[in-house]
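Structure at a glance
The chain contents come next:
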There are 2 protein chains.
Amino acid sequence: MRLTKSTDLALRTIMRLAVTGAEPCTARQIAGEMQVAYSHLAKVAARLQHLDLIETRRGRGGGLTLTATGRTASIGRLVREFEGVGDVVDCEGDVPCPLRQGCQLRMALRRAQEAFFASLDPLTVDDLVASPTGPVLLGLVGRAPGLSP
Amino acid sequence: MRLTKSTDLALRTIMRLAVTGAEPCTARQIAGEMQVAYSHLAKVAARLQHLDLIETRRGRGGGLTLTATGRTASIGRLVREFEGVGDVVDCEGDVPCPLRQGCQLRMALRRAQEAFFASLDPLTVDDLVASPTGPVLLGLVGRAPGLSP
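As the structure is a computational prediction, the values presented were derived from the model and not from experiment.

**Some points on the overall build of chain A**
When you go through chain A residue by residue, the secondary structure sums to eight helices and two strands. Starting at the N terminus, the α and β elements of chain A follow one another as α-α-α-β-β-α-α-α-α-α. Expressed as lengths along the three principal axes of its C-alpha atoms, the size of chain A is roughly 55 × 30 × 25 Å. Taking all 149 residues of chain A together, the buried fraction comes to 51%. Sequence-distant contacts in chain A: of pairs separated by 6 or more residues, those separated by 24 or more amount to 69%. Carbon and sulfur atoms provide 52% of the accessible area of chain A, an area that totals close to 6700 Å². When the 18 basic and 15 acidic side-chain charges of chain A are each reduced to a single mean position, those positions are 5 Å apart.

**Topic: the layout of surface pockets**
A probe matching the size of a water molecule, rolled over the atoms, marks out where space remains unfilled. Estimates place the volume of the largest pocket at around 240 Å³. Ala27(B), Tyr38(B), Thr56(B), Gly63(B) and Leu64(B) are, among the 15 residues lining the largest pocket, the residues nearest its centre. Taken together, the elements giving at least two residues each to the lining of the largest pocket come down to α2 (27-34), α3 (38-50), β1 (54-57) and β2 (63-66) of chain B. Taken together, the residues of the lining of the largest pocket break down into six nonpolar, six polar and three charged. Taken as a whole, the second largest pocket holds about 200 Å³ of empty space. Around the second largest pocket sit Thr26(A), Ala27(A), Arg28(A), Tyr38(A), Ala42(A), Ala45(A), Gln49(A), Thr56(A), Arg57(A), Arg58(A), Gly63(A) and Leu64(A), which together line it. For the lining of the second largest pocket, the secondary structure elements donating two or more residues are α2 (27-34), α3 (38-50), β1 (54-57) and β2 (63-66) of chain A. Per-element tally for the lining of the second largest pocket: the top contributor is α3(A), with four residues. When the residues that make up the lining of the second largest pocket are grouped by side-chain class, the tally is five nonpolar, four polar and three charged.

**Observations concerning the interface of chain B and chain A**
Counting from both sides, the interface comprises 46 residues of chain B and, opposite them, 46 residues of chain A. Counting each side, the surface lost to burial between chain B and chain A is near 4200 Å², with a carbon and sulfur contribution of 68%. Considering only the side of chain B, the residues that lose the most area to chain A are Met1(B), Leu99(B) and Leu105(B), jointly responsible for 19% of the buried surface there. In this structure, the connection of chain B to chain A is made through zero salt bridges. Counting across the interface, chain B meets chain A through 11 residue pairs in polar contact (both at pLDDT 80 or more). Listed by contribution, the elements that provide at least two residues to the side of chain B that touches chain A are α1 (5-20), α6 (104-120), α7 (125-128) and α8 (133-140) of chain B. Among the elements that take part in the side of chain B that touches chain A, α6(B) stands out by supplying 12 residues, more than any other. Tallied by class, the residues present in the side of chain B that touches chain A amount to 30 nonpolar, nine polar and seven charged.

About the thresholds
Every chain is numbered on its own, with residues counted from 1 as its sequence reads. Lettering of chains starts at A and numbering of ligands starts at 1, both following the order in which they are written. Totals for whole chains, interfaces and linings use all residues, but because this is a predicted model, local features are given only for residues with pLDDT of at least 70 and pairs of side-chain atoms are given and counted only at 80 or more. Only hydrogens and water are removed before side-chain values are computed, so all heavy atoms of the structure are retained for them. For the purposes of this entry, the term helix denotes a DSSP run of H or I that reaches at least four residues, the term strand denotes a run of E that reaches at least two, and both are numbered from the N terminus. Burial classes follow relative accessibility: with a 1.4 Å probe on protein chains only, a residue under 20% of its type's maximum area counts as buried, one over 50% as exposed, and anything between as partly exposed. For this analysis, residues touch if any pair of their heavy atoms sits within 4.5 Å. For the area figures, the Shrake-Rupley method with a 1.4 Å probe applies, and any residue is considered shielded solely by the protein chains shown. The charged-residue count follows a simple rule in which Lys and Arg add positive charge and Asp and Glu add negative charge, with His and chain termini not counted at all. In this description, the location of a charge corresponds to atom NZ of lysine, CZ of arginine, CG of aspartate or CD of glutamate. A 1.4 Å probe that fits into a set of points on a 1 Å grid over the protein atoms alone but cannot get out defines a cavity; an open set with protein on both sides within 12 Å along at least five of seven lines defines a pocket, and lining residues are those with an atom within 4 Å of a point. Grid points are joined across faces, edges and corners, and a volume is the space filled by probe spheres set on the points. Lys, Arg, Asp and Glu make up the charged group, whereas Ala, Val, Leu, Ile, Met, Phe, Trp, Tyr, Cys and Pro make up the nonpolar group; the residues left over, Gly among them, are polar. A 1.4 Å probe defines the accessible area here, and the buried area is the portion of it lost by two parts on being joined, summed over both. When a carboxyl oxygen of Asp or Glu lies within 4 Å of a side-chain nitrogen of Lys or Arg, that pair is called a salt bridge. We define a polar contact as two N or O atoms separated by no more than 3.5 Å, with the added condition that, inside protein, one atom must be a possible hydrogen donor and the other a possible acceptor, whereas residues neighbouring each other in sequence contribute only through side-chain atom pairs.

Pasting the structure below:
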């Protein structure tokens, strides 16, 4: 079972921004720290901004910061937004499954997926950067790349 | 969030065998019905057999059938076996993440993954072929391909 790379990046981006608080950080800097393509990070950041979880300050000394909403938003909500709530197996592919209407397997997998999201619902970014994660992450900021949780 | 194609095939195979009960069905026939490569279906079947969920009767009129264990086994157990309990994001890739020891995100995602599996734990194959799924599936047996839930 795998989450998409975009969800992974979104989670790491808000964690990264959480540990430096009000100090803006550019998307290019974060992409460098995480060793990912800037274009991918920029797309993820645009989506986080659209969800009002981060904001961009333009100009010299500008960059990304978490919004107040981003500080308190449910991690379950973020993962739902990025993953979508589509099927975890391919029910509607090129050859749509004849069982897909009222399929017991499909319903069971949807309930399981919802249990996954619900487990993350009570968490905020503060929980994800609680010790020891936050202090370790802060120590890595601006240093050598390799930040790929 | 996606499950692997092998997990999907494993679930469909036991459902397919459940609806025809004691009547054996060859891996080639199931692969044809599901429009998947025989080699892939055969690998999945071998793994199901290793888990004692299905058995193979050789010779004329032989084929695959569910075992007594397969009839009562937990679907959560089957999905755990096929998916593994590794990370849902890439913590140990080519550049292992410096946060991976004691990472709060990693622990949260593991709890979420366990919630997914646990949701499937109480189910057996009989639950997956309960009406309307089982009767529809039985009506498709041996007919045109396209069985891809």
